[in-house]
Every structure is written in structure tokens, then in C-alpha cells.
Amino acid sequence: GNGPSGICLSYLLSGNTPYFKRHALHPHPILQRKLEEAPEVSVLDQDLEYLSEGLEGRSHSPVALLFDTLQRPDTDFGGTAESVLTWWHEPDRAIPHLVLGRNAPGGAWHSIEGSMVTLSRGEWMGLPDLPFKEWLKQKRRGLRNNRATAEDIAQYYQHYVTKKGLQKNFKCGTVVTSVRKVSAESISNHTQKDLQGDSDSLWNSNEKSTEVFQVDGFFDTVEGDKEPFSIYAENVVLATGTYDNPTWLGVKGENLSYVHHQLSALEEAVKNNSVGIMSDPVLIVGAGLTAADAILFAHHCNIPVIHVFRRRVSDPGLIFNQLPKMMYPEYHKVHQMMKEQTAACAGPYERYISLPEHHVLSFAKDQKCILQDKNGCQKAYKISMALVLTGSNPNLSFLPNDGIDLAMDSDQPVNSKRNPIDVDPFTYECSQEKGLYALGPLAGDNFVRFVQGGALAAASSLLKKANKNPP
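Model, not experiment: these values are computed from the prediction.

> Explain helix α9 (residues 289–300) here, please?
An α-helical segment advances 3.6 residues per turn. Residues three or four places apart therefore align on the same side. For α9, built from 12 residues, the straight-helix expectation of 16 Å at 1.5 Å per residue is met to within 8% by its first-to-last C-alpha distance of 16 Å. Those residues of α9 lying buried are L289, A291, A292, D293, A294, I295, F297 and A298. The positive-phi residue at the C-terminal boundary of α9 is N302, with phi of around 60 degrees.

Here it is, written out as C-alpha cells:
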């Protein structure tokens, strides 16, 4: 995967090493004291568990909180204190690696409607040692409400890879079809010779590694063909995110052509005029931010909407009840609409009806859908299209048993919110499979600012394995 997690890890594995900046002052006094104990030792070589002990914040991962607070010391209190890290390029510490991705560097950020404004503040989208704000300044653009558009972010990630000289590690247009363990002996002598290039490769290490990972897949050639490849690696990092498989409701008629599971379907329909002011309403199912984005988009285009969701409007688990109003005025507006514009009482917003505590029973061929409320009452609605936006799951079909054996609950599919891959919190190595690592949403880290700690933990672990000049 070549989204923010993969890019950040590539930066760290390319010999870019963070040290505590001399004379820097961190607002957290205990962390400051720990950092002063060994300023000459890179953060990558320090005990991450010791450094991150006692930190609190908006993530469950101690290392995510650590790396975030080193880069943005007081950002949660609205402060703009500079990073307390200084970066040194130490080429002799680089670890050879490849980053495989379907699209250009930036991952899922390339498939999001470009004008969508991000949930996170702009400076939280930045990667190490190249502040997002500075990059935007060069583009002579300001941040609206401190937030950036998806297009800005996708461009920034591509720029980051070029600016930091990481392109040689990135292979785009690549699809991985299988990752599995094989015995090193089973690989032909010919491959061994190819891999023997550098003297500390696994073939020459004193402790012969008996198993390696075989990564199979194909990449798109310039001629438009698909060329197969096989790569052998001692360590593999899974950083494929969670947007590959939208969640289905599992109801009758959900596979009909007017039922969609991605916001882009609505954008497409508006572009080719198949929905508009005069059409039947668009049914939007779900109460997360993607559903809210769809409502805002439809509202902007004057398209009528019926909005169905299972929870109560006041449910504390609803994301809208957790967002500060000042920073997220448009999401606050959607929440207002959900509250004030129920079918029972007409509110101030035209062309929108909210149906809380409802769910879809079925979709019919004549574009009618049957909805049911909490009391079991059913009602049919004629709609132009349906958007089921109730979350998504990662696609781990390239792993044995879809990666289920790696999850916290190994009877259930991997899910970034409910059932992430079980990793060691200080190395991000999978508990069930040594040499396999998981970053980002797969390991339960869902915000760009917090996926970077996983990359720090994995890089630290990989450097220890390679034993590149530890202190």
C-alpha cells in the first residue's frame, strides 16, 4: 500500500533519522526529561515503550501519541509549537525496500472527490519534515477553517515522495494477489544469486532465515499489459487501508443497478444528468461522514434526499456528536438537518427528509424501496438511486484465509474499527506471524496524524533486525 503509512515508512527506511532537537522544549515535562537523557541517540533507537509511557490523547496507540506529540507538541490545545525533532539523513542506515501500490503515491486520497474538505485540520495531514502548511503556502493557497481539500492532500503526498527522493522505492500500478511464507531453500539458486547483492542480505547472515515471504502479483506495463512478478522478502508490511470493500446491507435487491455503495456514483450521476432537481429522491443510507458528504453534495446540487439511519439523532456514538461545531460547520449543518427535518415534522430545509431509527428491508426492480421503523411499520418510497454508505472493509484476499487469522478476534473478518489486526503496540509486528507488519487502519489507526507512529515503530523494529549501527 502506498498511502500515508507506506510513504512515511519509506521515508524512515531511507536513512532519514529523527533526533531530539538540542535546546528544544517540549510542553510535556516528563517527556522532555526523558528526551534529554540521550539526545545523541536517534528516537528510532530508543525504547519507544519508555518514551511513550504516560502520554494521553486521541489515539489508543502509545507510539502514535508519541510520534504525533514530537512533531506537533501542543496541537490539541490549538498551539502551533514547532516540532522538537531534527532529521538527519544517514544513508548507511537505509534498508532496501519496495512500496507497492495500485495508484500514484497517496493511496485512497486519489479516489476521493477532489473538492471534499477533510475532517482533520490541514496540519494534521502532513508527513515528517515537510509541513503541509508550508507546501500550501508555496501553492499560494490558504487553509479554509484550517482544513484542506482531498485534492490538495493527494497532491501533497505525491510531492512528498518526489521532494524526499523516495521515487526509486515506489512501484505504482501494482496489484498484489498473494503473500505467503515459503521455505528459503525452495527458491531456486538463480533467485538466491540475485538476492545476494548486498553482504548483509538474509542469505549471508549468521543466523540463516529458513522462511521468507513470497509476494506475487502483476503490474501494468506501458503497453497496457499486465506483467506478473514474484518478490521474496524477509519482512512484509501491510498498509492497504480500509476503503477497498464497501459494506453491504445484505438485503434483497441490493445488487440492482440503481443501488450503489460509493459516493462517486452520485457525482457520476450528477455529471451525466441522470439525477437532478426534478428527479425522484436519492436514498442515502448511513450516518457517518461519507453519508454526510453525500448529503452535502446533493444539497449543493438541489437534489432531493431521503436519509435513513439506524441510530437515534442524539446517540453519543454518532460521529456528529463528537465533532466540535466551530471546526466542522458543514457537518454540524447535516446534524441539524437530521434532527429538525424528520418525516414527522417539516423543517426549514427543503428537499431533505431524515428517517432516524429506520432500516432498509428491500429494493425492488421498479425503483421502490421498503423501509421499516423501530416499531415495525413499513413504508415504500420511489427513489432515483440509492447510496449505501455504511462503512467499508479492507480487502485482504491476497492473504491466506483473507487475513482473518491475524485479527484480534480470529473468527471475524478484519475491520479497522471493530476487529483490527493484532499487532505488538511497540513494533507493529503481527502477533500471529513474525516478519509480517500491519500499519494504519488495518492496525486500528484511522487518522493520518496517528498512522505515522506505526511507521516509526515498524522502522525501529526493522532497523533492530538489520542491526544497522545501533547505539
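There's plenty left to go through after this.
> I'm lost on the confidence of the model for the chain in this one. Help?
Where the model shows low pLDDT, its predicted coordinates should not be examined in detail. Here the chain averages 87 in pLDDT, and 87% of its residues register 70 or above. Averaged pLDDT values over the elements of the chain bottom out at 45 in helix α7 (residues 189–195) and peak at 98 in strand β10 (residues 236–238). This model gives residues 192–207 a pLDDT under 50, and the stretch forms 19 contacts once residues within four places in sequence are excluded.

> What's the story with the pairing of strand β9 (residues 226–233) in this structure? I'm lost.
Moving residue by residue along a regular strand, the side chains alternate between the two faces of the sheet. The pairing of strand β8 (residues 211–220) with β9 spans 8 bridges and is classified as antiparallel. Across the sheet, the residue bridging to D220 is K226, located in β9. Hairpin connection between β8 and β9: a loop of 5 residues separates the two successive antiparallel strands, and G224 in this loop has a positive phi of roughly 90 degrees.

> I tried to follow a negative patch on the surface on my own but got confused; where do I start?
Taken together, D47, E49, E53 and D424 make up a surface patch of like negative charges. With respect to the element layout, E53 can be found in the loop between α3 (48–52) and α4 (62–71). Its relative accessible area of 54% is what places E53 among the exposed residues.

> Looking at this structure, I do not really get the packing of aromatic side chains. What am I missing?
For any pair of aromatic rings, the description consists of the separation of the ring centres together with the inter-plane angle of the planes. Inspection of every chain in the model, using the stated rule, returns 10 aromatic pairs. Three or more aromatic residues link up through ring pairs in this structure, and these residues are Y11, F67, W87, F132, W135, Y156, Y157 and Y160. Above the ring of Y50, the side-chain terminus of K34 is found at 4.8 Å from the ring centroid. Sitting over the face of the ring of F219, K171 holds its NZ or CZ atom 4.4 Å from the ring centroid.

> Help me out: how do you make sense of the packing of α4 against helix α11 (residues 448–466) in this one?
Angle between the axes and distance between the axes are the two parameters that describe a pair of packed helices. Contact geometry of α4 with α11 gives a least axis separation of 7 Å together with a crossing angle of 110 degrees. Classified by the angle their axes make, α4 and α11 are roughly perpendicular. Counted together, V63, A64, L65, F67, D68 and Q71 of α4 and R449, F450, Q452, G453, L456 and A457 of α11 form the full contact between these two elements. Looking at side-chain class alone, the contact of α4 with α11 contains 7 nonpolar, 3 polar and 2 charged residues.

> Quick question: what am I supposed to make of the sheet that holds strand β13 (residues 282–285) here?
Strand pairing in a sheet relies on backbone hydrogen bonds. The paired strands run either parallel or antiparallel. The parallel open sheet is built from 5 strands, whose spatial order is β12-β19-β13-β14-β15. In this open sheet, the two edge strands, each paired with only one partner strand, are β12 (259–260) and β15 (352–355). Judged from the 4 bridges that link them, strand β14 (residues 305–308) and β15 form a sheet pairing that is parallel. Within β15, the residue paired with I306 across the bridge is I353.

> Please clarify how the sheet that holds strand β18 (residues 378–382) should be interpreted in this entry.
Read across the sheet, 3 strands follow the order β16-β17-β18 without closing on themselves; strand pairing throughout is antiparallel. Edge positions in the open sheet fall to β16 (358–363) and β18, since each of these has one partner strand only. Along the sheet, successive strands turn relative to each other by an average axial angle of 30 degrees, direction set aside. Two strands pair when backbone bridges link them, and β16 and strand β17 (residues 368–373) are joined in this way by 5 bridges, in the antiparallel orientation. Its bridge partner lying in β17, H358 is registered against D373.

> Looking at this structure, how should I read the pairing of strand β19 (residues 385–388)?
Of the two faces of β19, the one carrying M385 and L387 and the one carrying A386 and V388 are both buried. As paired elements, β12 and β19 share 2 bridges and run parallel to each other. Bridge pairing in β19 places V259 opposite A386. Of the pairings in the sheet, the one linking β13 to β19 comprises 4 bridges and is parallel in character. Residue pairing across strands places V282 opposite M385, the latter belonging to β19.

> Would you take a moment to explain α4 for this structure?
Counting buried positions along α4 gives 9 out of 10 residues, so the element sits mostly inside the fold. Each element contacted by the buried residues of α4 is listed here: α1 (4–13), α2 (29–37), α3, β2 (85–89) and α11.

> Which parts of the structure should I look at to understand the packing of α1 against helix α6 (residues 150–163)?
Axis separation between α1 and α6 bottoms out at 11 Å; the angle between their running directions is 15 degrees. Judged on the interaxial angle alone, α6 and α1 are roughly parallel. As for how α1 packs across α6, the hand of that crossing is left-handed. Here P4, I7 and Y11 of α1 lie close against α6, whose contacting residues are Y157, Y160 and V161. Residue composition of the contact of α1 with α6, by class: 6 nonpolar, no polar and no charged.

> What is the right way to read unusual backbone geometry from this model?
Among all residues except glycine, the phi angle is most often negative; among peptide bonds, the trans geometry is most common. The phi torsion at D129 lies on the positive side, around 65 degrees, for a residue other than glycine. Looking at the element boundaries, D129 is found in the loop between β4 (117–121) and α5 (132–138). Positive phi outside glycine occurs at Q367, with the angle close to 65 degrees. Residue classification places Q367 among the partly exposed residues on the basis of a relative accessible area of 24%.

> Teacher, can you tell me more about the pattern of salt bridges here?
In a structure, side chains of opposite charge can pair up when their charged atoms sit close to one another. If you walk through the whole model with that rule in mind, you get 15 salt bridges. The closest approach of N and O atoms between E82 and K21, which form a salt bridge, is 3.4 Å. Remark: K21 occurs in the loop between β1 (16–20) and α2 and E82 occurs in the loop between α4 and β2; sequence separation between them is 61 residues. For E82, a relative accessible area of 63% corresponds to the exposed category. Relative accessible area serves as the criterion here: at 26%, K21 is assigned to the partly exposed category.

> What is the right way to look at the environment of P246 in this model?
Mapping P246 onto the fold places it in strand β11 (residues 245–246). Expressed as a C-alpha distance, the spacing of P246 and P394, which sit 148 residues apart in the sequence, is 8.6 Å. Apart from the residues within four sequence positions on either side, P246 is in contact with H261, Q262, G391 and S392.

Analysis parameters
Residues numbered from 1 in each chain as written. Predicted model: local features only at pLDDT ≥ 70, side-chain atom pairs only at ≥ 80, totals over all residues. Heavy atoms only, no water. Helix = DSSP H or I, 4+ residues; strand = E, 2+ residues; numbered from the N terminus. Expected span 1.5 Å × (residues − 1). Buried < 20%, exposed > 50% of the residue type's maximum accessible area, 1.4 Å probe, protein only. pLDDT = per-residue confidence, 0-100. Contact = heavy atoms within 4.5 Å. Pairing = 2+ DSSP bridges. Patch = residues over 30% accessible without salt bridge, like charges linked within 9 Å, V, L, I, M, F, W, Y side chains within 5 Å. Areas by Shrake-Rupley, 256 points an atom, 1.4 Å probe, with all protein chains shown as cover. Salt bridge = Lys/Arg side-chain N within 4 Å of Asp/Glu carboxyl O. Lys, Arg positive; Asp, Glu negative; His and termini not counted. Charge placed at Lys NZ, Arg CZ, Asp CG, Glu CD. Phe/Tyr/Trp six-rings, centres within 6.5 Å; stacked < 30°, edge-to-face > 60°. Lys NZ or Arg CZ within 6 Å of the ring centre and 35° of its normal. Axes fitted to C-alpha atoms, helices over the stretch in contact; angles between N-to-C directions. Parallel < 35°, antiparallel > 145°, perpendicular 65-115°, else oblique. Nonpolar A, V, L, I, M, F, W, Y, C, P; charged D, E, K, R; others polar. Left-handed = near helix turned anticlockwise from the far one by under 90°.

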